[in-house]
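Spelled out from the first residue to the last, the chains are:
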Amino acid sequence: MPALDAKVAAIIDKAQADDSDEDALIAELENDDDLDAFREQRRQQLHAEFERAQQLRNQEHGTYVEIKDEKQLMDITTSTKLCVVHFFKPDFHRCGIMDNHLASLAPSHYEARLLRINVDNCPFLVTKLKVQVLPCVIAFIDGIGADRIVGFEGLGRTLDSFTTRDLESRLIRAGVFERSKVTKEDERQASLRSKAAKQADSDDDDWD
């Protein structure tokens, strides 16, 4: 999909956070002091993006949900263009930290489906995808793995911690997120939840 005009993107992202309706979006665009030749183009783009966001949300985009059955997970990843899947175990504290960051990202990144599945419920996929270290997050585009995050590797400045923005940037580079949407408040809330989840300090959870 073509990149959104910067003003349209800013209005859409703010509106999703505030749960605004389309009339409110158009009003905000009309109140823009920059009366230029792109006004009507932006209006049309805003309408199209709002409709797209609503359609995706009706298909459970913008949520972070657990899938219990691996066949259902395979069906979703192969029928949905953009997916992020967290393979986890509930008693692994690092999986809890990853959950917190993904839960923070899901509402604003409605362009992708964000899912989690307990590795005990997907033995076939664990073997097929060679999932050995948890947390393991795999980004899928049209059912094909586009990136894999093992543990916290490649996130943040240390192997022990990372920010929601770090994870968002990684998923943008993978092509499953469209643009940066994390706010300072998002990061603050995710940091508080991550600290609460971090009850112990250990190496990556190698469970294979």
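Residues numbered from 1 in each chain as written. Predicted model: local features only at pLDDT ≥ 70, side-chain atom pairs only at ≥ 80, totals over all residues. Heavy atoms only, no water.

**Comments concerning the packing of aromatic side chains**
Two descriptors summarise a pair of aromatic rings, namely the distance from one centre to the other and the angle between the planes of the rings.
Part 1 of the argument: Enumeration according to the criterion identifies one aromatic pair in this entry.
Part 2 of the argument: Ring geometry for Phe-152 versus Phe-162: centroids 4.8 Å apart, planes at 70°, classification edge-to-face. Taken together, the positions of Phe-152 in the loop between strand S6 (144–150) and helix H7 (164–174) and Phe-162 in the loop between S6 and H7 put the pair ten residues apart, joining distant regions of the chain. Across the pair, Phe-162 and Phe-152 agree in class, each one buried.
Part 3 of the argument: Lys-181 extends its terminal NZ or CZ atom over the ring of Tyr-110, reaching a point 4.4 Å from the ring centre. (Phe/Tyr/Trp six-rings, centres within 6.5 Å; stacked < 30°, edge-to-face > 60°. Helix = DSSP H or I, 4+ residues; strand = E, 2+ residues; numbered from the N terminus. Buried < 20%, exposed > 50% of the residue type's maximum accessible area, 1.4 Å probe, protein only. Lys NZ or Arg CZ within 6 Å of the ring centre and 35° of its normal.)

**A word on the nonpolar core**
Part 1 of the argument: Within the largest apolar cluster, 22 residues are counted, with the highest numbers of intra-cluster contacts made by Met-98, Leu-114 and Leu-167.
Part 2 of the argument: Secondary structure elements with two or more residues in this core: strand S2 (82–88), helix H5 (93–105), strand S5 (136–141) and H7.
Part 3 of the argument: Per-element accounting of this core gives the leading share, four residues, to H5.
Part 4 of the argument: Here Leu-167 is in contact with Met-98, His-101, Leu-102, Leu-105, Ile-149, Leu-155 and Phe-162, once residues within four sequence places are set aside. (Core = buried A, V, L, I, M, F, W, Y, C linked by side-chain atoms within 4.5 Å. Contact = heavy atoms within 4.5 Å.)

**Describing H5**
Part 1 of the argument: Between its first and last C-alpha atoms H5 spans 19 Å; for 13 residues at 1.5 Å apiece the expected length is 18 Å, and the two agree.
Part 2 of the argument: Burial runs high along H5: eleven of the 13 residues are buried.
Part 3 of the argument: Those residues of H5 that fall on the buried side of the exposure criterion are His-93, Arg-94, Cys-95, Ile-97, Met-98, Asp-99, Asn-100, His-101, Leu-102, Ser-104 and Leu-105. (Expected span 1.5 Å × (residues − 1).)

**Regarding the pattern of salt bridges**
Part 1 of the argument: The tally for this structure, following the rule as stated, stands at eleven salt bridges.
Part 2 of the argument: Linking Asp-99 and Arg-116 is a salt bridge whose minimum nitrogen-to-oxygen distance equals 2.7 Å. Residue Asp-99 is found in helix H5, and its partner Arg-116 is found in strand S3 (residues 113–118); the two are separated by 17 residues along the sequence.
Part 3 of the argument: A salt bridge links Lys-181 to Glu-111; its shortest N-O distance comes to 3.1 Å. Note that Lys-181 is positioned in the loop between H7 and helix H8 (184–197) and Glu-111 in the loop between H5 and S3, a separation of 70 residues in sequence. For the pair Lys-181 and Glu-111, a shared accessibility class is recorded, and that class is buried.
Part 4 of the argument: Beyond isolated ion pairs, a larger network of salt bridges with shared partners links Glu-49, Arg-52, Glu-178 and Arg-179. (Salt bridge = Lys/Arg side-chain N within 4 Å of Asp/Glu carboxyl O.)

**Regarding the pairing of S6**
Part 1 of the argument: Bridging between S5 and S6 involves six bridges; their strand directions are antiparallel. Of the residues in S6, the one forming a bridge with Ala-139 is Asp-147.
Part 2 of the argument: Here S5 hands over to S6 after two residues, with Asp-142 in that stretch at a positive phi of 55°. (Pairing = 2+ DSSP bridges.)

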